[in-house]
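An overview of the molecular structure
Listed below, chain by chain, are the residues.
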Amino acid sequence: MLKRDFIMVQIEQLAKIVLQIVNHRDTNDTGRIPELIETVYSSLKLDHQQLMTSDPTQLIEQLNQDDMGGLQRLNIAAKTLIEESYLYPEKRREMLIRAKELLEYIQLHDKTYSMERVSTIEDINNQI
């Protein structure tokens with residue numbers, strides 16, 4: 001139970017950072033976005049290259065951190081990748097395709113069906 005609480009607190013904190021990224025993007029205040037993205041990646045012990053190239057199963061194993069919270073952490077990483085795509089218009093399509101792949105993997109393997117995830121996948125489809 002204690003581990004589950006820790007997972008939820010960590011994921012909640014990372015989700016708050018992603019929300020800050022979205023808020024900065026929406027207000028055209030992009031100055032802090034790279035720093036916030038790096039904070040999420042370093043908290044997850046990932047980097048952009050790993051996220052773009054590693055097999056989702058390997059990412060889940062790495063993100064599980066002995067508490068089986070890998071799917072939830074990968075969901076945060078995928079959302080961060082979507083936000084990062086706004087910073088690099090020349091790589092945006094590639095990053096969105098990868099984020100979509102990761103979200104579809106999560107949707108397939110998560111025990112909880114997420115309408116929000118389905119909506120995000122649809123949004124990505126409309127953008128690519």
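Located above this text is the structure these notes cover.
Here's a quick rundown of the structure. All residue numbers here refer to positions counted from 1 along the written sequence of the relevant chain. Where local features are concerned, this predicted model is filtered to residues with pLDDT of at least 70; where side-chain atom pairs are given and counted, the filter is 80 or more; whole-chain, interface and lining totals use all residues. Neither water nor hydrogens contribute to the side-chain values; these are computed over all heavy atoms in the structure.

Focus: the overall build of the protein chain
For the purposes of this entry, the term helix denotes a DSSP run of H or I that reaches at least four residues, the term strand denotes a run of E that reaches at least two, and both are numbered from the N terminus. Helix and strand content of the protein chain: 7 helices and 0 strands. In the protein chain, the succession of helices and strands from N to C terminus is α-α-α-α-α-α-α. Based on C-alpha atoms, the radius of gyration is set beside the globule rule, defined as 2.2 Å times the residue count to the power 0.38. Taken over the C-alpha trace, the protein chain has a radius of gyration of 14 Å; the compact-globule value for 128 residues is 14 Å, and the two agree within 12%. With respect to the principal axes defined by its C-alpha atoms, the protein chain has extents near 40 × 25 × 25 Å. Throughout this description, buried means an accessible area under 20% of the type-specific maximum (1.4 Å probe, protein chains only), exposed means over 50%, and partly exposed covers the range between. Counting only residues that meet the buried cut, the protein chain has 45% of its 128 residues in that class. Whether two residues touch is decided by their heavy atoms; if any such pair falls within 4.5 Å, the residues are in contact. The long-range fraction of contacts in the protein chain, counting pairs at least 24 apart against all pairs at least 6 apart in sequence, stands at 57%.

Considering helix 4 (residues 56-64)
Where helix 4 is concerned, the buried positions are Pro56, Leu59, Ile60, Leu63 and Asn64. Looking down the long axis of helix 4, one finds its buried residues gathered within 135 degrees of arc, a one-sided arrangement. Looking at the buried residues of helix 4, the elements they touch are helix 2 (33-44), helix 3 (48-53), helix 5 (70-85) and helix 6 (92-109). Under this definition, polar contacts are N or O atom pairs within 3.5 Å; protein pairs additionally need one hydrogen-donor-capable and one acceptor-capable atom, and for neighbouring residues in sequence, both atoms have to be side-chain atoms. The N-terminus of helix 4 is capped by Asp55, whose side-chain oxygen sits 3.0 Å from the backbone nitrogen of Thr57. Arc, as used here, means the arc of the directions from the helix axis to the C-beta atoms.

Side note on the pattern of salt bridges
Criterion for a salt bridge: a side-chain nitrogen of Lys or Arg within 4 Å of a carboxyl oxygen of Asp or Glu. In total, this model carries 6 salt bridges according to the counting rule given. Put simply, Glu12 and Lys16 hold a salt bridge, and the shortest N to O gap is 3.6 Å. With Glu12 and Lys16 both in helix 1 (residues 2-26) and 4 residues apart, the pair spans about one turn of that helix. A relative accessible area of 44% means that Glu12 is categorised as partly exposed. Taking the relative accessible area as the measure of exposure, Lys16 reaches 42% and is therefore partly exposed. In this structure, the salt-bridge partner of Arg117 is Asp110, at a minimum N-O distance of 3.1 Å.

Observations concerning the nonpolar core
Counting 33 residues, the largest nonpolar core has Leu44, Leu51 and Leu74 as its most contacted members. At the level of secondary structure, the elements contributing two or more residues to this core comprise helix 1, helix 2, helix 3, helix 4, helix 5, helix 6 and helix 7 (115-127). Those residues in contact with Leu51, other than ones at most four positions away along the chain, are Tyr41, Leu46, Leu59, Leu74, Ala77, Leu81, Arg98 and Leu102. Only buried Ala, Val, Leu, Ile, Met, Phe, Trp, Tyr and Cys residues count toward a nonpolar core, and they belong to the same one when joined by side-chain atoms within 4.5 Å.

Quick word on the packing of helix 4 against helix 6
One way to put it is that helix 4 packs onto helix 6 with a least axis distance of 11 Å and a crossing angle of 70 degrees. As summarised for this structure, helix 4 and helix 6 are arranged roughly perpendicular, according to the angle between their axes. For the pair formed by helix 4 and helix 6, the contact residues are Pro56, Thr57, Leu59 and Ile60 on the first element and Arg98, Leu102 and Tyr105 on the second. Split into classes, the residues belonging to the contact of helix 4 with helix 6 amount to 5 nonpolar, 1 polar and 1 charged. Inter-axis angles, ranging from 0 to 180 degrees, are taken between N-to-C directions of lines fitted to C-alpha atoms, where helices are fitted over the stretch in contact. Oblique is the label for any angle not covered by the other classes, which are roughly parallel (under 35 degrees), roughly antiparallel (over 145) and roughly perpendicular (65 to 115). Three residue categories are used. Nonpolar comprises Ala, Val, Leu, Ile, Met, Phe, Trp, Tyr, Cys and Pro, charged comprises Asp, Glu, Lys and Arg, and polar comprises the others, including Gly.

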